[in-house]
Amino acid sequence: MQIKVILFVLLVYTASFAQNNWTTLFERSGFISTSDYNETMNYFKRLDEASDYADLFGFGRSSQGRDLNCLLVTKEDKSSIEQRIAEGKKPLEKATILIINGIHSGEIEGKDASMILLREILITKEKEYLLDSINLLVVPIFSVDGHERKSKYNRINQNGPEEMGWRTTAQNYNLNRDWIKADSPEMQSMLILISTWNPDFIIDTHTTDGADYQYSVTYQVERFSNIDSQIGSWLSEKFVPYLENKVTEKGFLIFPYVSMKNWSQGLDSGITDWASSPRFSTGYFALRNRPSLLVETHMIKPYKERVFATKAVLENHF
């Protein structure tokens with residue numbers, strides 16, 4: 001009995017030490033700050049070095065010369081991945097989720113949520129079981145130059161983090177208007193990444209500055225005639241009820257991301273949903289017959305709530 005108690009204490013201590021050693025700036029700051037580009041990439045490099053399941057690779061460079069990085073997280077045999085890519089085959093056998101953070105780098109909750117979730121999968125291993133059914137591709141920051149153009153005043157009404165990035169790239173491209181035209185070097189690299197890995201589901205994380213509401217997080221999926229009818233039906237009838245139930249169980253209010261019919265009239269005009277054009281991520285992936293999810297927290301909610309609400313959405317795709 002004493003041996004079992006000692007082993008249990010050691011296990012708890014080891015897990016606690018591992019977590020403390022991997023505490024993010026977001027957590028160390030009391031949930032009000034976010035790490036810069038270099039600290040973020042160092043964290044992802046450490047994940048790569050610490051786990052056989054993680055592999056950090058570059059997929060392009062920004063106009064200011066910063067690396068665009070992606071973390072592959074999988075239990076599958078990596079030795080055959082390059083060969084399968086060379087043969088034009090899907091690199092991974094299991095379903096693969098691509099998480100894109102910081103396409104608007106002032107809206108950065110997804111990055112901090114991903115760092116904590118990856119720690120729980122790869123380091124403390126409390127959620128390592130998630131990889132039994134899925135693979136992950138995580139882009140920590142997409143608009144890397146905009147991320148480093150940080151200020152306390154870039155989104156003046158936003159409730160944290162203390163400093164946030166800029167909405168556009170160094171060349172003034174709004175990346176979430178650039179999907180179909182691909183004018184920016186960042187988007188050109190992203191489209192090669194997508195064509196190479198052919199992910200089965202894509203998550204694009206954001207913060208909205210639209211109408212205020214009670215919900216911690218909102219979402220949008222394509223379920224109209226701009227997407228294959230079977231995919232649209234699956235999203236509406238299977239995925240959305242599952243997502244809403246799981247996020248609600250974790251204590252966060254969730255609702256579809258909607259717009260007012262007439263902004264000058266406010267809610268009196270009613271609310272509406274819509275099909276996205278392919279300049280947006282969700283509309284672009286609909287053209288590729290791929291289900292995707294737009295995640296939108298609200299800027300007035302505290303940054304801590306927004307990060308953990310985003311994390312609740314991300315971890316319910318396994």
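This text follows the structure it describes.
Take the packing of helix α3 (residues 37–50) against helix α5 (residues 109–122) next. Closest axis-to-axis distance for the α3/α5 pair is 11 Å, and the angle between their directions is 20 degrees. In terms of their interaxial angle, α3 and α5 are classed as roughly parallel. For the element pair α3 and α5, the recorded crossing hand is left-handed. Contacts between α3 and α5 involve Thr40, Tyr43, Phe44 and Leu47 from the former and Lys111, Met115, Leu118, Arg119 and Leu122 from the latter. The residue inventory of the contact of α3 with α5, partitioned by class, reads six nonpolar, one polar and two charged.

Residues of strand β6 (residues 217–220) alternate between two faces, with Val217 and Tyr219 on one and Thr218 and Gln220 on the opposite face, all of them buried. The parallel pair β6 and strand β7 (residues 254–256) is bridged by helix α8 (residues 229–249), and the resulting crossover is right-handed. Relative to strand β10 (residues 292–298), β6 runs antiparallel, the two sharing four bridges. Counterpart to Tyr219 in the pairing with β10 is Val295.

Let's shift gears to the side chain of Ser35. Along the polypeptide, Ser35 turns up in the loop between α2 (25–28) and α3. In this structure Ser35 comes out as buried when scored by relative accessible area, which is 2%. In terms of polar contacts, Ser35 uses its side chain to reach the side chain of Thr40, at 2.7 Å. Residues in contact with Ser35, not counting those within four places in the same chain, are Leu25, Thr40, Lys111, Met115 and His147.

It is worth spelling out the packing of aromatic side chains at this point. Between two aromatic rings, the relevant description is the distance of the centres plus the angle of the planes. In total, this model carries 16 aromatic pairs according to the counting rule given. Look at Phe26 and Tyr303: their rings are 5.5 Å apart centre to centre, the planes differ by 85 degrees, and that puts the pair in the edge-to-face class. Residue Phe26 is found in helix α2, and its partner Tyr303 is found in helix α10 (residues 303–314); the two are separated by 277 residues along the sequence. You can call Tyr303 buried: its relative accessible area is 3%. An aromatic cluster is present here, built from Phe26, Phe31, Tyr303 and Phe308 joined pairwise through their rings. Arg46 extends its terminal NZ or CZ atom over the ring of Trp22, reaching a point 3.9 Å from the ring centre. It is Arg149 that lies over the ring of Trp166; its NZ or CZ is 4.0 Å from the centre.

Strand order in this open sheet of eight strands is β1-β2-β4-β3-β5-β10-β6-β7, and the pairing throughout is mixed. Looking at which strands have only one partner, the edges of the open sheet turn out to be β1 (54–61) and β7. Averaged over neighbouring strand pairs, the angle between their axes works out to 25 degrees when direction is ignored. Pairing analysis gives three bridges linking β6 to β7, with the strands arranged parallel. Paired with Thr218 across the two strands is Phe255, which belongs to β7. Relative to β10, α10 is tilted by about 160 degrees, and along the sheet it contacts β3 (96–100), β5 (201–208), β6, β7 and β10.

Taking burial as the measure, the seven residues of strand β2 (residues 67–73) include six buried ones, the bulk of the element. Where β1 and β2 come together, seven bridges link them in antiparallel fashion. Across the sheet, residue Gly58 finds its bridge partner in β2, namely Asn69. Pairing of β2 with strand β4 (residues 135–139), which is carried by three bridges, proceeds in the antiparallel orientation. Residue Val73 lies in a different strand from β4, and its bridge partner there is Leu136.

Here we take up helix α7 (residues 185–197). Taking 1.5 Å per residue as the helical rise, α7 with its 13 residues ought to reach 18 Å, and the 19 Å between its terminal C-alpha atoms agrees with that figure. Within α7, burial applies to Glu186, Met187, Ser189, Met190, Leu191, Leu193, Ile194 and Trp197. Directly after α7, the chain includes Asn198, whose backbone phi takes a positive value near 50 degrees.

Reading the values: the criteria
Residues numbered from 1 in each chain as written. Predicted model: local features only at pLDDT ≥ 70, side-chain atom pairs only at ≥ 80, totals over all residues. Heavy atoms only, no water. Axes fitted to C-alpha atoms, helices over the stretch in contact; angles between N-to-C directions. Helix = DSSP H or I, 4+ residues; strand = E, 2+ residues; numbered from the N terminus. Parallel < 35°, antiparallel > 145°, perpendicular 65-115°, else oblique. Left-handed = near helix turned anticlockwise from the far one by under 90°. Contact = heavy atoms within 4.5 Å. Nonpolar A, V, L, I, M, F, W, Y, C, P; charged D, E, K, R; others polar. Buried < 20%, exposed > 50% of the residue type's maximum accessible area, 1.4 Å probe, protein only. Right-handed = clockwise from strand over helix to strand, strands pointing away. Pairing = 2+ DSSP bridges. Polar contact = N/O pair within 3.5 Å; in protein donor to acceptor, adjacent residues only side chain to side chain. Phe/Tyr/Trp six-rings, centres within 6.5 Å; stacked < 30°, edge-to-face > 60°. Lys NZ or Arg CZ within 6 Å of the ring centre and 35° of its normal. Expected span 1.5 Å × (residues − 1).

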